[in-house]
Amino acid sequence: VNLIESVYRLLWGDLFTIPLGGGIGISFMVVLLFTAGIWFTCRTRLLPVRLFRDMIAAVCEKKQGRNGLSSFQTLVISTATRVGMGNLVGVVAAVSAGGAGAVFWMWVTAILGASTSFIESTLAQKYRQPDPLYGGWRGGPAYYIETALHNKALAIAFAIALIVTYAGGFNLLASYNLQSTFSVYGFYDKATTPWIIGGLLAVMVGYCVMGGGKRIVHVTGTLVPIMGVLYVLLSLAIILMHLDMIPSVLGAVFADAFNFQKILGGISASCLMFGIRSEER
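In short, a report on the structure. All of these numbers come straight from a predicted model, not from anything done at the bench.

**Observations regarding the overall build of the chain**
Moving on, step 1. What the chain contains, in helices and strands, is 14 helices and four strands.
Moving on, step 2. The buried share of the chain, taken over its 281 residues, is 23%.
Moving on, step 3. Of all intrachain contacts in the chain linking residues separated by at least 6 positions in sequence, the fraction that spans at least 24 positions is 52%.
Moving on, step 4. Carbon and sulfur atoms make up 70% of the accessible area of the chain, which amounts to about 19000 Å² in all.

Shown next as structure tokens:
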């Protein structure tokens, strides 16, 4: 945990902060992510909005080969890797630490990040390579870094960082967040409950992984749609139960989001920083 927090502060903290003068600074990561998002959004001519109908049509396409994946199966696998405890715990942490304005900056980052994600996926397809060992294709950021940028050392470094991130910074934290949600119940025991929940998760993950790609597709294809529907229904239910609070909530979100004196005066703890951090997880 301490190592993760150290890396976290290294990337988002004072070391990579661009000074603006007068004791004010802005994180280099914020500048980098916003610049890339705006650039790709402009270059693709607001692709997430312009080609929304095409995206829906693509998801409904059938798979082309017997051993291949349909567009919908690819979507649910991708969703399974992106949506989880972080979307719940991360939002709560962002609002608690950064204020209501963090919600607005999560919206902005999501819109700009859609084009960035599209570019990343396109590059992964463009520079993918045949897999001589297992058949099919293999690709991703490490491959297009090596092929397009001609930088094998950077590709290797990225691959190692990705392995460490998913093993320690993603799966471990997601498991911890999951088990910690049970701490409010009377049956929770700090000495035993985390081990029990961790063991159950290990068994379920092992069942999926040892069954190969087909089992992973089957499990995610079943769970993700249910998870998505429940996510939306619960969100709508909460909104409907608190309709009288919507105006004041939206007012607080926009007022806090554009309080630039507060944002720039304490950028590392502002709604802008926490909103972007949460969405980029």
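**Points about the nonpolar core**
Moving on, step 1. Grouped together as the largest cluster of nonpolar side chains are eight residues: Val30, Phe34, Phe104, Trp105, Val108, Leu112, Val253 and Ala257.
Moving on, step 2. Breaking this core down by element, the ones donating at least two residues are helix H2 (28-43), helix H7 (101-126) and helix H12 (246-257).
Moving on, step 3. Considering each element in turn, this core owes the most residues, four residues, to H7.
Moving on, step 4. Not counting the four nearest positions on each side in its chain, Phe104 is found in contact with Val253, Phe254, Ala257 and Phe258.

**Quick word on the packing of H7 against H12**
Moving on, step 1. Following both chains from N to C, one finds H7 and H12 inclined at 80 degrees, their axes separated by 6 Å at the closest point. The orientation of H7 with respect to H12, classified from their angle, is roughly perpendicular. Touching Gly101, Val103, Phe104, Trp105 and Trp107 of H7 are Leu250, Ala252, Val253, Phe254, Asp256 and Ala257, all from H12.
Moving on, step 2. Each residue belonging to the contact of H7 with H12 can be placed in one class, and the counts come to nine nonpolar, one polar and one charged.

**What about unusual backbone geometry?**
Across residues other than glycine, the phi torsion is negative in most instances, and most of the peptide bonds are trans.
Moving on, step 1. The phi dihedral of Arg45 is positive, around 55 degrees, even though this residue is not glycine.
Moving on, step 2. Considering the arrangement of structural elements, one finds Arg45 in the loop between H2 and helix H3 (47-50).
Moving on, step 3. The exposure class assigned to Arg45 is exposed, which follows from its relative accessible area of 57%.
Moving on, step 4. Of note, the phi angle at His150 is positive, near 55 degrees, even though the residue is not glycine.
Moving on, step 5. With respect to the helices and strands, His150 occurs in the loop between helix H8 (141-148) and helix H9 (152-180).

**A closer look at the packing of aromatic side chains**
Given two aromatic rings, their pairing is described by the distance between the two centres and the angle made by the two planes.
Moving on, step 1. One pass over the full model with this rule turns up eight aromatic pairs.
Moving on, step 2. An angle of 55 degrees between the planes, with centres 6.3 Å apart, marks the rings of Phe182 and Phe187 as tilted.
Moving on, step 3. With a relative accessible area of 29%, Phe182 lands in the partly exposed category.
Moving on, step 4. Of the residues examined, Phe187 reaches a relative accessible area of 55% and is grouped as exposed.
Moving on, step 5. Among the aromatic side chains, those forming a connected cluster through ring pairs are Phe34, Phe104, Trp105, Trp107 and Phe254.
Moving on, step 6. Its end group placed over the ring of Tyr127, Lys126 keeps NZ or CZ at 5.6 Å from the ring centre.
Moving on, step 7. Sitting above the plane of the Tyr207 ring, Arg215 keeps its charged end 4.2 Å from the centroid.

**Regarding the environment of Leu154**
Moving on, step 1. Relative to the assigned elements, Leu154 resides in helix H9.
Moving on, step 2. Here the alpha-carbon distance between Leu154 and Ala142, two residues twelve residues apart in the chain, equals 8.0 Å.

**Comments concerning H2**
Helical geometry: 3.6 residues make up each α-helical turn, so side chains three or four residues apart lie on a common side.
Moving on, step 1. Here H2 spans 22 Å end to end across 16 residues, near enough to the 22 Å set by a 1.5 Å rise per residue.
Moving on, step 2. Turning to H2, its buried residues number three or more, namely Met29, Val30, Phe34, Gly37 and Thr41. Summarising the axial view, the buried residues of H2 lie within an arc of 120 degrees, below the 170-degree limit, and thus occupy one face. Projecting away from the buried face of H2 at angles above 90 degrees are the exposed residues Cys42 and Arg43.

**A look at H12**
Moving on, step 1. Relative to the 16 Å expected for twelve residues at 1.5 Å per residue, H12 spans 16 Å between its end C-alpha atoms, a close match to the ideal helical length.
Moving on, step 2. Restricting attention to buried positions, one finds in H12 the residues Val253, Asp256 and Ala257. End-on, the buried residues of H12 take up no more than an arc of 100 degrees, which puts them together on one face. In H12, those exposed residues whose orientation departs by more than 90 degrees from the buried face are Pro247 and Ala255.

**Regarding the environment of Leu123**
Moving on, step 1. Mapping Leu123 onto the fold places it in helix H7.
Moving on, step 2. With relative accessibility at 28%, the residue Leu123 sits in the partly exposed group.
Moving on, step 3. A sequence separation of 22 residues divides Leu123 from Ile145, and the C-alpha atoms of the two residues are 9.4 Å apart.

**Regarding the packing of H2 against H7**
Moving on, step 1. Where H2 meets H7, the axes come as close as 8 Å, and the angle between the chain directions of the two elements is 60 degrees. Judged by the inter-axis angle, H2 sits oblique to H7. Considering only the axes of H2 and H7, their crossing is left-handed. Facing Phe34, Ala36, Gly37, Ile38, Phe40 and Thr41 of H2, the residues of H7 in contact are Trp105, Val108, Thr109, Leu112, Ser115, Thr116 and Ile119.
Moving on, step 2. Here the residues of the contact of H2 with H7 sort into eight nonpolar, five polar and no charged.

Definitions and limits used
- Residues numbered from 1 in each chain as written.
- Predicted model: local features only at pLDDT ≥ 70, side-chain atom pairs only at ≥ 80, totals over all residues.
- Heavy atoms only, no water.
- Helix = DSSP H or I, 4+ residues; strand = E, 2+ residues; numbered from the N terminus.
- Buried < 20%, exposed > 50% of the residue type's maximum accessible area, 1.4 Å probe, protein only.
- Contact = heavy atoms within 4.5 Å.
- Areas by Shrake-Rupley, 256 points an atom, 1.4 Å probe, with all protein chains shown as cover.
- Core = buried A, V, L, I, M, F, W, Y, C linked by side-chain atoms within 4.5 Å.
- Axes fitted to C-alpha atoms, helices over the stretch in contact; angles between N-to-C directions.
- Parallel < 35°, antiparallel > 145°, perpendicular 65-115°, else oblique.
- Nonpolar A, V, L, I, M, F, W, Y, C, P; charged D, E, K, R; others polar.
- Phe/Tyr/Trp six-rings, centres within 6.5 Å; stacked < 30°, edge-to-face > 60°.
- Lys NZ or Arg CZ within 6 Å of the ring centre and 35° of its normal.
- Expected span 1.5 Å × (residues − 1).
- Arc of directions from axis to C-beta.
- Left-handed = near helix turned anticlockwise from the far one by under 90°.

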